[in-house]
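Fold and geometry: a report
If you want the building blocks of each chain, they are given just below.
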Amino acid sequence: MRPGKGLLAGIAGIVLASFAAGSALCADNVIPIGAAVSLTGKYALNGANTKNGYDLAVRQINDKGGITIGGKPYRLEVLYYDDESTPARGTELAERLIEQDGVKFILGPYSSGLTKAMLPIVERHKVPMVEANGAARELFTKGYRYIFAVLTTSDQYLTPAVDLAAQNAGKLGKKTEELKLAMAMENDPFAQDVRAGVLADAQRLGINCVIDDQLPPELNDMSVTLTKVKALKPDILVVSGHEKGALTAVKQIEALRVDVPVIAMTHCDSAQLAEKMPRASENVFCAQQWHRSLKYKGDLFGSAEDFATLFKKVYGYDAPYQAAQSAAAVYVFADAFKRAQSLDPEKVRDAIAATDLPTFFGPIKFDASGKNIAKPMVLTQIVHGEYVVVAPEKWAAKEPVIQHRR
Amino acid sequence: MIGNLLILHEAPALALQLAIDGILIGAVFALAAYGMALVWGVTNIINVAQGEFVMLGGFIAVIGAEHGIPVLLAVPLAAACLYALGWVLYYAVIVHLVGRDMFNSVLATFGIAIVLQQLMAHVFGGADRIAVAGLGSWFFLDGLVVVDKMKVLVFAACIALGVGLALFLFRSRRGQAIRAVAQRPEAASVLGIDTRKVYGLTFALNAAICGAAGALAATYTVHPYGGLSYTIRAFMIVVVAGLGNLAGVIWAALGLGVAESFAGFVLGPQYQIAFVFALLVAILVFRNWRLRRQRRYLA
């Protein structure tokens, strides 16, 4: 056989196999849910966290007997595509999932940018989407009816950090209005919304913003911004630029000996800051959607700690909050299917809208725009290589350390 | 923007800091650009997988560092691995491109870039990685100017590699063969030089240089899809310096690093890359204008 023929046979085999996989999804005791997540490209890491969260919840639901609708048991199954971390591909895949694969329910992608790209398609086809990784407020201001988000919006990510700094201004020998703020935020919908939130907080508290730099996505050197920080000596430095931003900032803050008492970031735990650079990241504040030490509980996984333990057992690494919120999104679908007792998208949508669910991830209850208004953000501080909750007060495991670094 | 200029005016030491940072990152760009100029000049192939070679070298250094190998020792290791990969890619792909239209080479090496990206993502995972050298820094002017010792080593290594490459090209028999083939392949082959081997050697050498650059750059971040910014800058440096101008490559790279650093400070980091492209356009327009003027004299 010529090599060309071998190749053809191989391709034919793959095509056949994929048809077989497709037909399994159409089996009558399966509820197919579509998802386009970033398995390659710049969001590959959190794409994998998202998928692991979805998979763990699906496994847990199916192991517990699936979902019974009208007396008939159903299993959940997720049909995945790789959106390559590009919004254009996300849009295409949303169309493909709905029009070609015929899915009636969709789980969200990773990042606000990709969620934003998929939303119009989902809305046009009236397919309910529960998403867990798009936090920018602009997703919820367009009047869309079919999007539901289990997470807290991005404007609130760093609010606890700014508040803490204001409360502890005395420790730095200053009044709140004398504090100076520096921001280094990536140029994407998520981080820009975090920026807007921080700016609003600063205004509310009378804090003066002295640096407002925007980081391009391809940047891997922040020394320019940090040089400015050294010159203007702010009291608060907030950084948001996904994992690369967090890693680069922590590394270069130490190398350049930047001395800012309150340094707050997003994406610390998915970047594994505490694990990889415990010394450089000491006392850094991290905005998190969830933490394993919180006293949340639900039927599916038990407590937050139970989820974290199970996740580690299955995937071999500590559950970042991205995985936890993804699992919670599947949980919302399962709960809605049960209550709707129907697979009609419109009925399921209404059931999702009426969700009032205690979970390991926190309480979930949506407002009219579809965002979860029942769960607050938490702020942790890295202490000796561990993330310790410092805000909100009722969960704080210790007093925050606010002091000059050297 | 004016505020930022005022900061520089009030604290000129910061300008020194920006210049130093720019020179040190420019050195890494210089290496990636050397390799690109070499391959382009000798084989007439534009390798757009340059950045992926750099990232691969970076991953070797990061993984080495996680297993206790100092970053500097990882440099020759990365160079050796990439040298081998360079030969493999040469016989698998590049050999078919020599003498063809340049567009084919861009397309094929773009394909190599995609394959390498996906392989890296598969093998090393999609996380941003960073190698911690832990050498510390030197502090000058009351801590206002900080020079990372690792970055100085990177700079020294870049200069050493550049000088070594120049010596190799101008002194050794093989280097002479490379230059001969670059000047006139037909004549070189008549004189008994195996041109295919020379092309392969050039490509593998380029991969090795990029690997070394990547290992040196691993103290910035490394990501499977992070190579593009190195490719773009290498391309730009070669265009500015002109082919076959090794000294020019160094000057262009260091200049670019410094210009970027100041642009980032004054205009804001979001305009850093835009500034690079604007600079490229400005330089090309200026060149065109100068050439035209010369042409007029001749006529």
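Note that the coordinates shown come from a computational prediction; the quantities given were computed from them, not determined experimentally.

About the criteria used
Residues numbered from 1 in each chain as written. Chains lettered and ligands numbered in written order. Predicted model: local features only at pLDDT ≥ 70, side-chain atom pairs only at ≥ 80, totals over all residues. Helix = DSSP H or I, 4+ residues; strand = E, 2+ residues; numbered from the N terminus. Rg over C-alpha atoms; globule rule 2.2 N^0.38 Å. Contact = placed C-beta atoms within 7 Å. Buried ≥ 20, exposed ≤ 12 C-beta atoms within 10 Å, placed from the backbone. pLDDT = per-residue confidence, 0-100. Domains from an automatic or database assignment. Nonpolar A, V, L, I, M, F, W, Y, C, P; charged D, E, K, R; others polar. Pairing = 2+ DSSP bridges. Axes fitted to C-alpha atoms, helices over the stretch in contact; angles between N-to-C directions. Parallel < 35°, antiparallel > 145°, perpendicular 65-115°, else oblique. Left-handed = near helix turned anticlockwise from the far one by under 90°. Core = buried A, V, L, I, M, F, W, Y, C linked by C-beta atoms within 7 Å. Right-handed = clockwise from strand over helix to strand, strands pointing away.

Details of the overall build of chain A
- For chain A, the helix and strand inventory stands at 13 helices and 17 strands.
- The C-alpha radius of gyration of chain A comes to 22 Å, within 12% of the 22 Å expected for a compact globule of 406 residues.
- Across its three principal directions, the C-alpha atoms of chain A cover 70 × 55 × 40 Å.
- The contacts of chain A with a sequence gap of at least 6 include a subset with a gap of at least 24, amounting to 68%.

What to know about the overall build of chain B
- Looking only at helices and strands, chain B features 12 helices and 4 strands.
- Against the 2.2 N^0.38 benchmark of 19 Å for 299 residues, chain B shows a C-alpha radius of gyration of 20 Å, consistent with a compact globule.
- Taken along the three principal axes of its C-alpha coordinates, chain B extends 65 × 65 × 35 Å.
- For chain B, the proportion of its 299 residues judged to be buried stands at 47%.
- Look at the contacts in chain B between residues 6 or more apart in sequence, and 76% of them connect residues 24 or more apart.

Considering the confidence of the model for chain B
- With 99% of its residues at a pLDDT of 70 or more, chain B has an overall mean of 87.
- Confidence estimates for the predicted assembly give a pTM of 0.84 and an ipTM of 0.81.

Here we look at the domain arrangement of chain A
Residues and elements named next belong to chain A.
- What the domain assignment reports for chain A is domain 1 (3-152 + 294-365) and domain 2 (156-288 + 378-395).
- Inter-centroid distance (C-alpha atoms) of domain 1 to domain 2 is 31 Å.
- Of all the secondary structure elements, the ones that give two or more residues to the side of domain 1 that touches domain 2 are α2 (44-63), α4 (112-124) and α12 (321-340).
- Broken down by class, the residue content of the side of domain 1 that touches domain 2 amounts to 6 nonpolar, 7 polar and 3 charged.

Considerations on the sheet that holds strand β5 (residues 129-131) of chain A
All names here are of chain A.
- Spatial strand order, β2-β3-β1-β4-β5-β6: 6 strands in an open sheet with mixed pairing. Strands at the two margins of the open sheet, each flanked by one partner only, are β2 (67-69) and β6 (147-149).
- Relative to strand β3 (residues 72-82), β2 runs antiparallel, the two sharing 3 bridges. Within the sheet, the bridge partner assigned to T68 lies in β3 and is P73.

Section: unusual backbone geometry
- The omega torsion of the bond from A391(A) to P392(A) falls at 0°, within 30 degrees of zero and hence cis.
- Considering the arrangement of structural elements, one finds P392(A) in the segment after β17 (386-391).
- For K233(A), which is not a glycine, the phi torsion comes out positive at approximately 45°.
- When you line up the elements, K233(A) lands in the loop between α7 (223-232) and β9 (236-240).
- Although it is not a glycine, N44(B) sits at a positive phi angle of roughly 60°.
- One can find N44(B) in the loop between α2 (12-43) and α3 (50-66).
- Of the residues examined, N44(B) has 18 C-beta atoms within 10 Å and is grouped as partly exposed.

Notes on the pairing of β17(A)
Residue and element names in this part refer to chain A.
- Where strand β16 (residues 378-383) and β17 come together, 5 bridges link them in antiparallel fashion. If you follow L379 over to β17, its bridge partner there is A391.
- Count of turn residues in the β16/β17 antiparallel hairpin: 2 residues, of which H384 carries a positive phi of about 45°.

Quick notes on the packing of α2(A) against α12(A)
Residue and element names in this part refer to chain A.
- Where α2 contacts α12, the two axes come as close as 7 Å, and the packing angle between them is 40°. Looking at the two axes, α2 sits oblique to α12. Here the hand of the crossing between α2 and α12 comes out right-handed. Seen from α2, the contacting residues are N46, N49, T50, N52, G53, Y54, L56, A57, V58 and I61; seen from α12, they are Q322, A323, A324, Q325, S326, A327, V330, Y331 and A334.
- Residue composition of the contact of α2 with α12, grouped by class: 11 nonpolar, 8 polar and no charged.

Things to note about helix α5 (residues 159-167) of chain A
Residue and element names in this part refer to chain A.
- Among the 9 residues of α5, 7 are classified as buried, and the element is accordingly described as predominantly covered.
- Buried within α5 are the following residues: T159, P160, A161, V162, L164, A165 and A166.
- Taken together, the buried residues of α5 touch α6 (189-205), β9, β10 (262-265), β11 (285-288), β16 and β17.

A short note on the interface of chain B and chain A
- Taken together, the contacts link 33 residues of chain B with 31 residues of chain A.
- Contributing elements (two or more residues each) for the side of chain B that touches chain A: α2, α5 (102-124), β3 (145-148), α11 (246-267) and α12 (272-298) of chain B.
- The biggest single contributor to the side of chain B that touches chain A is α2(B), with 5 residues.

Let's talk about the sheet that holds β17(A)
All names here are of chain A.
- Strand order in the open sheet formed by 7 strands is β8-β7-β9-β10-β11-β16-β17, with mixed pairing between adjacent strands. In this open sheet, the two strands that pair with only one neighbour each are β8 (208-215) and β17. Strand-to-strand twist in this sheet, taken as the mean axis angle between neighbours without regard to direction, amounts to 25°.
- Direction of pairing for β9 relative to β10: parallel, over a ladder of 4 bridges. Considered in β10, the bridge of I236 is made with V262.
- Helix-sheet contacts for α7 involve β7 (180-186), β8 and β9, and the interaxial angle to β8 is about 170°.
- Docked against the sheet, helix α8 (residues 242-255) engages β7, β8, β9 and β10, running at close to 145° with respect to β9.

What about the environment of D28(A)?
- On the secondary structure map, D28(A) appears in the loop between α1 (3-25) and β1 (30-37).
- Taking the C-beta count within 10 Å as the criterion, D28(A) has 6 such neighbours and is therefore assigned exposed.

Here we look at the confidence of the model for chain A
- With 93% of its residues at a pLDDT of at least 70, chain A reaches an overall mean of 90.
- Mean pLDDT per element in chain A: α1(A) is the minimum at 49, and β5(A) is the maximum at 97.

Quick look at the nonpolar core
- Of all hydrophobic cores here, the largest spans 233 residues; its most connected members are A161(A), V332(A), A30(B), A33(B), A212(B), I237(B) and V249(B).
- In terms of domain composition, this core takes at least three residues from each of domain 1 (3-152 + 294-365) and domain 2 (156-288 + 378-395) of chain A.
- Excluding its chain neighbours within four sequence positions, the residues that come into contact with A161(A) are V238(A), V262(A), A264(A), F285(A), A287(A) and L379(A).

A word on the pairing of β7(A)
All names here are of chain A.
- Counting buried positions along β7 gives 6 out of 7 residues, so the element sits mostly inside the fold.
- In the classification by handedness, the crossover that spans β7, the intervening α6 and the parallel β8 is right-handed.
- Strand direction decides the pairing type here: β7 and β9, joined by 5 bridges, are parallel. Counted as the bridge partner of M185 is S240 from β9.

Structural notes on the packing of α7(A) against α2(B)
- Interaxial distance between α7(A) and α2(B) falls to 11 Å at its minimum, and their mutual angle equals 165°. As summarised for this structure, α7(A) and α2(B) are arranged roughly antiparallel, according to the angle between their axes. The two elements α7(A) and α2(B) cross, and the hand of that crossing is right-handed. Along its contact with α7(A), which presents S223(A), V224(A), T227(A) and A231(A), the element α2(B) presents L14(B), Q17(B), L18(B) and D21(B).

Some thoughts on the environment of G3(B)
- Along the chain, G3(B) turns up in helix α1 (residues 2-10).
- Taking the C-alpha atoms as reference points, G3(B) and N47(B), separated by 44 residues in sequence, lie 41 Å from one another.

Concerning the environment of S281(A)
- Of note, S281(A) is situated in the loop between α10 (273-276) and β11.
- With 35 residues separating them in the primary sequence, S281(A) and A246(A) have C-alpha atoms 9.6 Å apart.

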